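Structural overview for review
Each chain is listed here by its residues.
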Amino acid sequence: MTGPLQDTIFALSSGPPPAGIAVLRISGAQAGGAIRTLANRLPPPRMASLALLRDPADGAALDRALILWLPGPGTVTGEDMAEIHCHGGRAVIAAIEAVLDAMPGLRRADAGEFTRRAFEHGRMDLNAVEGLSDLLAAETQNQRRAALSMAEGHFSRRIDAWRERLLALSAMAEAALDFSDEDDVPDAGIENEIGTRLAGLATDIESVLDAPSAERLRDGIRVILAGPPNAGKSTLLNALVGRDAAIVSAIAGTTRDRIEVPAAIDGSAYVFTDTAGLRDDAGDEIEAVGIDRARAAMEAADIILWLGEADAMPRTDAILVAAQSDRLGRDRPGLPVSAHTGEGMSALLAELLERASALLPREGDYALHRRQRILVAQLSDHIEVAREQRDLLIIAEELRLARSRLDELTGQASTEDMLDHLFSGFCIGK
Amino acid sequence: MPVRYDVIVVGGGHAGCEAAAAAARKGAKVALLTFDRNTVGAMSCNPAIGGLGKGHLVREVDALDGLMGRAADAAAIHYRMLNSSKGAAVQGPRVQADRSRYRAAIHGLLDQQVGLTIVEGEAHELLLDRGRTSGIRLSDGQTLEARAVVLATGTFLGGKLFCGDAQDAGGRIGERAATRLGQQLRKLDLPIARLKTGTPPRIDGRTIDWARLETQPSDDGTWTMSPVTPARILPQLACAITRTNDRTHQIIRDGLGRSPLFSGAIEGRGPRYCPSIEDKVLRFGDRDGHQIFLEPEGLDSPLVYPNGISTSLPEDVQRAMIRTMTGLEQAEIVVAGYAVEYDYVDPRALTSSLELRALPGLFCAGQINGTTGYEEAAAQGLVAGVNAAAHALSQPSMILDRASSYIGVMIDDLVLQGVTEPYRMLTARAEYRLRLRADNAETRLGPVGLEHGIVGPDRARRMDQRKHWRSEIEAALSRSMTATEMARAGAFVRQDGVRRTLWEWARFPEVSRSLLTSFAPVLDKAPQDVTDEQLEDAHYAPYLERQEAEVAALRRDERVHIPADVDFRGVGGLSNEMIERLEAARPDTLAAAGRIRGITPAALAAILVHARRAAA
Ligand SMILES: Cc1cc2nc3c(=O)[nH]c(=O)nc-3n(C[C@H](O)[C@H](O)[C@H](O)COP(=O)(O)OP(=O)(O)OC[C@H]3O[C@@H](n4cnc5c(N)ncnc54)[C@H](O)[C@@H]3O)c2cc1C
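Everything numeric here is computed off the predicted structure, so don't read it as measured data.

A few words on the overall build of chain B. Counting its regular elements, chain B contains 22 helices and 24 strands. A compact globule built from 616 residues should have a C-alpha radius of gyration of about 25 Å, and chain B, at 26 Å, falls within 12% of that. Each principal axis of the C-alpha distribution contributes one length, and for chain B these read about 75 × 75 × 50 Å. The buried share of chain B, reckoned over its 616 residues, is 62%. Total accessible area on chain B stands at roughly 22900 Å², and carbon and sulfur atoms take up 49% of it. For chain B, the distance from the average site of its 75 positive side-chain charges to the average site of its 77 negative ones is 2 Å.

Regarding its fold elements, chain A presents 14 helices and twelve strands. Counting only residues that meet the buried cut, chain A has 49% of its 430 residues in that class. For chain A, the proportion of contacts with a sequence separation of at least 24, taken over those separated by at least 6, is 61%. In the structure as shown, chain A presents an accessible area of about 19300 Å², 52% of it carried by carbon and sulfur atoms.

On to the side chain of A:Thr8. All names here are of chain A. Mapped onto the elements of the fold, Thr8 is located in strand β1 (residues 8–12). Of the residues examined, Thr8 reaches a relative accessible area of 0% and is grouped as buried. A polar contact of 2.9 Å, which involves the side chain of Thr8, links it to the backbone nitrogen of Gln30. Apart from the residues lying within four places of it in its own chain, the contact partners of Thr8 are Ile26, Ser27, Gly28, Ala29, Gln30, Ala31, Gly105, Leu106, Arg107 and Arg117.

Residue and element names in this part refer to chain A. Of the residues making up helix α1 (residues 31–39), those classed as buried are Ala31, Gly32, Ala34, Ile35, Leu38 and Ala39. For α1, the buried positions fall inside an angular range of 160° around the axis, keeping them on one side. Positive phi shows up at Asn40, right after α1, with a value of about 70°.

On to helix α10 (residues 374–392) of chain B. Quick reminder: α-helices carry 3.6 residues per turn. Residues three or four places apart thus point the same way. All names here are of chain B. Taking 1.5 Å as the rise per residue, α10 with 19 residues should run 27 Å; its terminal C-alpha atoms sit 26 Å apart, in good agreement. Within α10, 19 of the 19 residues are buried, leaving the element largely enclosed by the surrounding structure. Of the residues trailing α10, Ser394 is marked for its positive phi of about 55°.

Attention now moves to the pairing of β1(A). Bridging between β1(A) and strand β6 (residues 106–108) of chain A involves three bridges; their strand directions are parallel. Residue pairing across strands places A:Thr8 opposite A:Leu106, the latter belonging to β6(A).

Along the chain, B:Ser404 falls in the loop between α10 and α11 (406–417). Taking the relative accessible area as the measure of exposure, B:Ser404 reaches 14% and is therefore buried.

A word on the confidence of the model for chain A. Residue and element names in this part refer to chain A. Confidence along chain A averages 76 in pLDDT terms, with 73% of residues attaining 70 or more. Within the model, pLDDT remains below 50 along residues 138–152, and this stretch shows eleven contacts once partners closer than five positions in the same chain are excluded. Within the model, pLDDT remains below 50 along residues 245–256, and this stretch shows 32 contacts once partners closer than five positions in the same chain are excluded.

On to the sheet that holds strand β4 (residues 48–50) of chain B, then. Residues and elements named next belong to chain B. If you trace the three strands from one edge of the open sheet to the other, you get β4-β6-β5, paired in antiparallel fashion. Looking at strand neighbours, the two that pair on one side only are β4 and β5 (76–82), the edges of this open sheet. When strand polarity is set aside, the average angle formed by the axes of neighbouring strands in this sheet is 20°. The pairing of β5 with strand β6 (residues 92–97) spans six bridges and is classified as antiparallel. Across the sheet, Met81 pairs through a bridge with Pro93, a residue of β6. Sheet strands in contact with helix α2 (residues 54–63) are β4 and β6, and its direction is about 75° off that of β4. Contacts from helix α3 (residues 68–75) reach β4, β5 and β6 within the one sheet, and its direction differs from that of β5 by about 120°.

Here the domain parsing of chain A yields domain 1 (8–121), domain 2 (153–211 + 368–425) and domain 3 (217–359). One C-alpha centre belongs to domain 1 of chain A, the other to domain 2 of chain A; they are set 36 Å apart.

As a further point, take the packing of aromatic side chains. Residue and element names in this part refer to chain B. All chains considered together, the criterion is met by three aromatic pairs over all chains. When the ring of Tyr79 is compared with that of Trp223, the centres are 5.1 Å apart and the planes differ by 85°; the resulting orientation is edge-to-face. Of this pair, Tyr79 sits in strand β5 while Trp223 is found in the loop between β16 (214–216) and β17 (239–243), placing the two residues 144 residues apart along the sequence. With a centroid separation of 4.9 Å and an interplanar angle of 50°, the aromatic rings of Trp505 and Phe508 are classed as tilted. Residue classification places Trp505 among the buried residues on the basis of a relative accessible area of 0%. Here Arg232 stacks its cationic end above the ring of Tyr79, 4.0 Å away from the centre of that ring. We note Arg500 situated over the ring of Trp505; from NZ or CZ to the ring centre the distance is 4.7 Å.

Bringing the pattern of salt bridges into the picture now. Side-chain pairing between opposite charges can occur once the charged atoms of the two side chains come close. All names here are of chain B. Considering all chains together, one arrives at 56 salt bridges over all chains under this definition. Taking the shortest distance from any N to any O, the salt bridge between Glu295 and Arg94 comes out at 3.4 Å. Highlighted residues: Glu295 in strand β18 (residues 291–296) and Arg94 in strand β6, separated in sequence by 201 residues. The exposure class of Glu295 is buried, given its relative accessible area of 2%. By relative accessible area, which is 15% here, Arg94 ends up buried. In this structure, Glu431 engages Arg402 in a salt bridge whose closest nitrogen and oxygen atoms are separated by 2.8 Å. Placement of the pair is Glu431 in the loop between α11 and α12 (441–451) and Arg402 in the loop between α10 and α11, with a sequence separation of 29 residues.

This part covers the packing of α3(B) against helix α4 (residues 99–112) of chain B. All names here are of chain B. Direction vectors running N to C along α3 and α4 enclose 135°, while the axes themselves pass 8 Å from each other. It follows that α3 is oblique to α4 by the angle criterion. The interaxial crossing formed by α3 with α4 has right-handed handedness. Together, Met68, Arg70, Ala71, Ala72, Ala74 and Ala75 of α3 and Arg101, Tyr102, Ala105, Ile106 and Leu109 of α4 make up the contact between the two elements. Considered class by class, the residues forming the contact of α3 with α4 number nine nonpolar, no polar and two charged.

A few words now on the layout of surface pockets. Residues and elements named next belong to chain B. Estimated volume of the second largest pocket: approximately 930 Å³. Along the walls of the second largest pocket sit 34 residues, with Asp439, Gln528, Asp529, Asp532 and Glu533 positioned nearest its centre. No other element matches helix α18 (residues 528–539), which puts seven residues into the lining of the second largest pocket. Residues of the lining of the second largest pocket, tallied by class, amount to 14 nonpolar, nine polar and eleven charged.

With that settled, the discussion passes to the interface of chain B and chain A. In many reports, interface size means the accessible area that the parts give up when they come together. Listed per partner, the contact involves 56 residues of chain B and 55 residues of chain A. Taken together, both faces of the contact between chain B and chain A bury some 4700 Å²; the carbon and sulfur share is 57%. In this structure, the connection of chain B to chain A is made through eleven residue pairs in polar contact (both at pLDDT 80 or more). Within the residue set of the side of chain B that touches chain A, elements represented by two or more residues are α8 (277–283), β18, α19 (541–558) and α22 (601–615) of chain B. Top element by residues in the side of chain B that touches chain A is α22(B). It accounts for nine residues.

What follows deals with the site of the ligand. Residue and element names in this part refer to chain B. Taken together, the neighbourhood of the ligand is formed by 35 residues, with Ala15, Ala123, Gln367, Thr372 and Gly373 sitting nearest. Residue Thr372 places a side-chain N or O atom 3.0 Å away from a nitrogen atom belonging to the ligand. Here the shell around the ligand takes three residues from strand β14 (residues 192–199), the largest share from any one element. Here the shell around the ligand is composed, by residue class, of 15 nonpolar, 17 polar and three charged. Both of domain 1 (3–196 + 342–451) and domain 2 (202–340) provide at least three residues apiece to the shell around the ligand.

Right, let's get into the sheet that holds strand β3 (residues 49–54) of chain A. Residues and elements named next belong to chain A. Taken in spatial order, the six strands line up as β3-β4-β5-β2-β1-β6 in an open sheet, and their pairing is mixed. At either end of the open sheet lies a strand with only one pairing partner, and these are β3 and β6. Each neighbouring strand pair of the sheet contributes to a mean axis angle of 30°, computed without reference to strand direction. Seen against the sheet, α1 touches β1, β2 (21–27), β3, β4 (61–70), β5 (81–87) and β6 and runs at an angle of roughly 75° to β3.

Calculation criteria
Residues numbered from 1 in each chain as written. Chains lettered and ligands numbered in written order. Predicted model: local features only at pLDDT ≥ 70, side-chain atom pairs only at ≥ 80, totals over all residues. Heavy atoms only, no water. Helix = DSSP H or I, 4+ residues; strand = E, 2+ residues; numbered from the N terminus. Rg over C-alpha atoms; globule rule 2.2 N^0.38 Å. Buried < 20%, exposed > 50% of the residue type's maximum accessible area, 1.4 Å probe, protein only. Areas by Shrake-Rupley, 256 points an atom, 1.4 Å probe, with all protein chains shown as cover. Lys, Arg positive; Asp, Glu negative; His and termini not counted. Charge placed at Lys NZ, Arg CZ, Asp CG, Glu CD. Contact = heavy atoms within 4.5 Å. Polar contact = N/O pair within 3.5 Å; in protein donor to acceptor, adjacent residues only side chain to side chain. Arc of directions from axis to C-beta. Expected span 1.5 Å × (residues − 1). Pairing = 2+ DSSP bridges. pLDDT = per-residue confidence, 0-100. Axes fitted to C-alpha atoms, helices over the stretch in contact; angles between N-to-C directions. Domains from an automatic or database assignment. Phe/Tyr/Trp six-rings, centres within 6.5 Å; stacked < 30°, edge-to-face > 60°. Lys NZ or Arg CZ within 6 Å of the ring centre and 35° of its normal. Salt bridge = Lys/Arg side-chain N within 4 Å of Asp/Glu carboxyl O. Parallel < 35°, antiparallel > 145°, perpendicular 65-115°, else oblique. Left-handed = near helix turned anticlockwise from the far one by under 90°. Nonpolar A, V, L, I, M, F, W, Y, C, P; charged D, E, K, R; others polar. 1 Å grid on protein atoms, 1.4 Å probe; cavity = no way out; pocket = protein on both sides within 12 Å on 5 of 7 lines; lining within 4 Å. Points joined across faces, edges and corners; volume = space filled by probe spheres on them. Buried area = accessible area lost by both parts, 1.4 Å probe. Near = heavy atom within 4 Å.

So this is what it looks like as structure tokens:
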């Protein structure tokens, strides 16, 4: 009974990252298409096979992963399904999810949606049914917790303020539509007034979107060590986190892939990434892949420690490190550091901490989780469209959509509240 | 000797008349039972039909071959298209109707209807046979038998009238209340509560100084309430406008102590959007005046309805306050304004076919369900009538969903969320507002009416013609043109080199209707309303498509039925609040459950699983 219009859904079905391996499940008519887009081929049914996944937008490598193609109806959900077993780092998972999300017709699954589809196709067993009430209980717990932390936080106050402003503007638009025959309701020029007032709201919402996210707090600040081969990245990484995490060798190109090392320094979480040495003439194909990833990682990094030439800095805000100062001397630009002698290490750490403190949400700041961030971004989009419009009907429609995003964020329904605003703001009624 | 019918409709208001006529159109043998034949089709309050949101309802009732639109045209003495400068989706056709001609038109339509009998009398008692509806006993002892009954008793159940400190039992001024029936319904353990509404005094127009007042003429268009009415019929009258002022407000403030609204005599809640003048003055004390429309009640009637001054102050206060206003210095009140408080049934006890879940065969429509307004009543009446007939004749019910119509939005709101004040239709309540326009009601609902056998042959022929023209227009607009070609033809569109169909070009403001017509002459040949409708669709197409996707998702969940006897307490993991709301509304589809406030996707999945397991 799946209609052709039913979306294809995906979700992380393994435990919370980071983990050794993560499993992403896709269910729906486009599961096969999604795999073909990512891996450039569709493996034979029910046979695990290794593939290099790429972002179709720019060909950037995402991960080397196991893929599985499971045509329906003999699957858990009864629909076509696919599985991706990838590396369990947060960045990898997030990158693959983002690519899936961008594919037309694909979206993240709602809570319980896989179970629901399984059930609709008559493919669910009792265990799964029990699992569902656990999920519900967990959801309630989560909501309670989220509600609690929201209630205490600035974020909820900020959201409440947005909600008030949005309700008032929406009420203004709706009053002009539903009660244009009333004396008390302004009509002509109302579009401009709404547009002006939306501008203030838009700026406010943007500023929250620009603020650091909660994931940073939980997952750590992403620090990338980058530079040409043999610049001493791995050694420096080991010195920073105090253990032998990366493979150190004198042969250029040892660190073929990215290595992620989580570490806590001074109570804050970091994820240090050691990247493949940046060489343009990559020794082999796999190393070339590593270099691609290094570039991608650098774009997403919060802080870059650059161990190369000053004029080759990948980003202007990178910290230039004159590494191996004991061996190569100090008359180079950058902070002289030696992992061997310990020279400059405390200066480097101090610099790192200062940068980090600017990135982490301050006490009392609100930090958005991914779900919240997505909703706020959508909210912001609707407000942008509404601002550009002159047709009151469309303005009202976009404000309605904006309200429904806020409803999802707060779990409240807004139509009645909007009407409250309307009737308390304007004297209506003949 | 009991008389047998298929359907008995109690009440000759707007809900009752539509219910009886619709049930009869469907082929049922129908009795329309009411206190007094002469009040059938009476307008209790404002002599106007339509307006914003309400005009949509009238067109929808009309598309299902209901009475209201045609009767409104037969009685219209003033036409106004509200929001005429805005998009068609929020344009609201409204007419002032001659009260007695409206009533006469309704009588005429009912008389023509085969299978419908008007019975005078008071419904005294609902007859039940093993928990199912079996008929009505009248106060004179006579019984009428039927498998289905529609209650459309308006403000009459436990009705109480207030004018100053005077109180009286009654459903409308000069009419008695339905006390016995009200008591019986309470005893049947139906969820019943109180609401209130009010009406302004009526003024003798001959005592108004019209010359001093600004007037508002009828608009000069040619549109009619029902597209079936070929042209406007009656001469058109103007309305006049006056205002309240500081002196009016002072008199009201001084009189508040004698208003039942503030003495605590009235416990029911009134509508926020239709406040009494007492409320307005109190809540909006900073306003220096409120506009009052003086609306003529008919061509041969001297009565004038002062719109905007609903009140239950004592009559002497009403007189003094009226006379502070320009043009009304000498005005005489013919009937004083009053408030009415009445019982309503919590509509969450109803299914979407408007049948009481607890009493199969008993349907409710109109003000008894917590709504207010003629149009709201008529729309529910039509749905309840069709479904009562369907029940009696063992046919499938007619369920209209939120995506199909304002009627669907209203019924869904009522049966799922219930009411806290008298419910009135507003376009803001319709999330698919851009698709649900007054101008496309026939396209949306005509086929539904046909399917349920309530649309007559004339209407069916009209629908065929419109369908033919629509496809002609679609074909003509599928022709594609480049930006360059458009510019050559005189439309200053951006030269982006894109090839678009005329349908797509139609949403660009630079592309005029005459230019489109030059490429697609059929736009001129087709009836204007069909062309207008198509071009409006084209204009909002991107939004309509997005809503289309939302609707597809809605309809998917609409197909998943939740059994009526499902035990929500047995669904693991639901919170108490969720359970309470689900139990009050008893959603019959998964989609409906999802619309109840606070129900999450995971909760829905659990309900679904539980329901399927129970069914297995
Ligand atoms: C004082 C007043 C003020 C109002 N103000 C407004 C307003 O400001 N705005 C607005 O939109 N609407 C207003 N209305 C509401 C509007 O008139 C109603 O919503 C609409 O008419 C309801 O229609 P109905 O068919 O449900 O009931 P009604 O039109 O009330 O019809 C009820 C019918 O049932 C019959 N009946 C009742 N009980 C029995 C019985 N036991 N046996 C036989 N017959 C019975 C009555 O005779 C009557 O014909 C007002 C109504 C009143 C009375």
